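Residues per chain, in single letters:
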Amino acid sequence: MQGNREPRPEEQSYGSARPPGPLYQQNKGANRNGQHAENAKSTNATLTIDLQTFKKPGEKTYTQRSRLYVGNLPMGVTEQEVEKLFSKYGKPAEIFINKERGFGFVRLETRTLAEIAKAELDDTNFKGRQLRVRFATQGAALTVKNLPQFISNELLEEAFSIFGQVERAIVIVDDRGRPTGKGIVEFTSKAPARKALDRCAEGAFLLTASPRPITVEPMEQFDEDEGLPEKIINKNQQFHKEREQPPRFAQPGSFEYDFALRWKALLDMEKQQQSQVDRNIREAREKLEAEMTGAQHEHQVMLMRQDLLRRQEELRRMEEKQEMQKRKQAEMRQEEERRRNEEMARRQQEGFQGFPENRQQEMRMHMGGPGMGLNRSSMGGNPLNAGPQNMPADSKPLMHNSFPMEGAGNSAMMGAMPGAMPGFPRAPPGPTDFKRPRF
């Protein structure tokens, strides 16, 4: 039977050692063959890893999730030696060594390579020291709560990218793939994480149309893989006192049993109160969601009413603007017509005013002909030909001022002039004498 099975030599030799990995199997085979540790290390150094096979499509490289903490380093170790130790897992992007306290940090290319390095190098001997390799604490990781139902990883990353570069954004789901209302956001540094914490605490950060703000808290990080091994627990005086008794069930009626029951009663009360609090919170949440739905409907109706009023106001303004434009156009046409009429009247007035002057010029030309020559020898002067060119410079150009041509006096004067033509009465002007000037 299985209970009578004798332990195998390998189990007697290695006991409860960690599961054999590639390096562990190589070292174990070397020790069985009696080879030295140096040969085992040289054999380990010859092992290689195809780095491309451990990189997922679209995976971001050299993130905070691939950063390892290396503790219990020997004093005086250099960065070159640590880089050589991790060279099998690719070229590290970050190597920090605290030589005084004997620890450091190494950032590898991917999370998978970091997991392999952690599994193979943890609890291995390096220059006489047992290394302790763990994943480094992420100081730039946040926990997001109260997420709406239709939030994806991509939308969560896009929303928090306004605070800085995001390395990873995950919406936590249950075993059936249903969202739990919680998520994780990891930034590349602490500054954008702090900015996101402050902004979300001061304001209300909404991710969807629902007025349901999210809450952001620093992520509590737990080690659920390694836990607390016996070898690293602090074995102080309290440790030895607690370990005096092995695991057991308390006997009824004993001192331990009485206080154990009191502890159980306290835990049950805490559980009941927590259940009551959860129930009250759930009812308050449902009530708030119902009120929010009704308020959203009323708000949408109000927005539609406001939009309708705004459109009516815009239509009224457009009509007023069109009416004003029509009025301005009508006024401009009236003003243009008035100016045209004034221009025509002015031109007609100028034409009537120019008619007497044209008539006088015709009379002067008629009197200055060959039959109208004046003989001024009888007056003691030289004979002159009649015409405007022989008139004195200071004489007025209008003939009716010097020689009146109308009435009886006109005939008498003309008769008194030697060699002048007899006078005749002037007939009133006829229709042919008033001609419209041409423009």
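Residues numbered from 1 in each chain as written. Predicted model: local features only at pLDDT ≥ 70, side-chain atom pairs only at ≥ 80, totals over all residues. Heavy atoms only, no water.

- An unreviewed UniProt entry annotates the protein as Non-POU domain containing, octamer-binding of Paramormyrops kingsleyae.
- Quoted straight from UniProt, the Subcellular location (unreviewed entry) entry for the protein says "Nucleus speckle". (UniProt positions renumbered as here; feature names shortened; annotations may be inferred.)

**Some remarks on the overall build of the protein**
In step 1: Looking only at helices and strands, the protein has 11 helices and 10 strands in total.
In step 2: When the 439 residues of the protein are sorted by exposure, 22% land in the buried category.
In step 3: Summed over all atoms, the accessible surface of the protein reaches about 33,300 Å², with 53% contributed by carbon and sulfur. (Helix = DSSP H or I, 4+ residues; strand = E, 2+ residues; numbered from the N terminus. Buried < 20%, exposed > 50% of the residue type's maximum accessible area, 1.4 Å probe, protein only. Areas by Shrake-Rupley, 256 points an atom, 1.4 Å probe, with all protein chains shown as cover.)

**Some remarks on the pairing of strand β7 (residues 141–145)**
In step 1: Most of β7 sits inside the fold, with 4 of its 5 residues counted as buried.
In step 2: Of the pairings in the sheet, the one linking β7 to strand β9 (residues 179–187) comprises 5 bridges and is antiparallel in character. Bridging from a neighbouring strand, Ala 141 pairs with Glu 186 of β9.
In step 3: Of the strand pairs in this sheet, β7 and strand β10 (residues 215–218) are connected by 4 bridges, and their pairing is antiparallel. Within the sheet, the bridge partner assigned to Lys 145 lies in β10 and is Thr 215. (Pairing = 2+ DSSP bridges.)

**Quick word on a nonpolar patch on the surface**
In step 1: Judged by side-chain polarity, Phe 255, Phe 259, Trp 263, Leu 266 and Met 269 come together as a nonpolar surface patch covering roughly 580 Å² of accessible area.
In step 2: Looking at where Phe 255 falls in the secondary structure, it is placed in helix α9 (residues 255–367).
In step 3: Here Phe 255 falls in the exposed class, since its relative accessible area comes to 63%. (Patch = residues over 30% accessible without salt bridge, like charges linked within 9 Å, V, L, I, M, F, W, Y side chains within 5 Å. Salt bridge = Lys/Arg side-chain N within 4 Å of Asp/Glu carboxyl O.)

**As for the packing of aromatic side chains**
In step 1: Under the counting rule described, the total for this entry stands at 9 aromatic pairs.
In step 2: Arranged with centres 5.8 Å apart and planes meeting at 50°, the rings of Phe 160 and Phe 163 form a pair that is tilted. The pair formed by Phe 160 and Phe 163 is uniform in burial state, with each residue classed as buried.
In step 3: The ring of Phe 105 has Arg 67 lying over it, and the distance from NZ or CZ to the ring centre is 4.3 Å.
In step 4: If you follow Lys 235 out to its NZ or CZ, it ends over the ring of Phe 239, 5.9 Å from the centre. (Phe/Tyr/Trp six-rings, centres within 6.5 Å; stacked < 30°, edge-to-face > 60°. Lys NZ or Arg CZ within 6 Å of the ring centre and 35° of its normal.)

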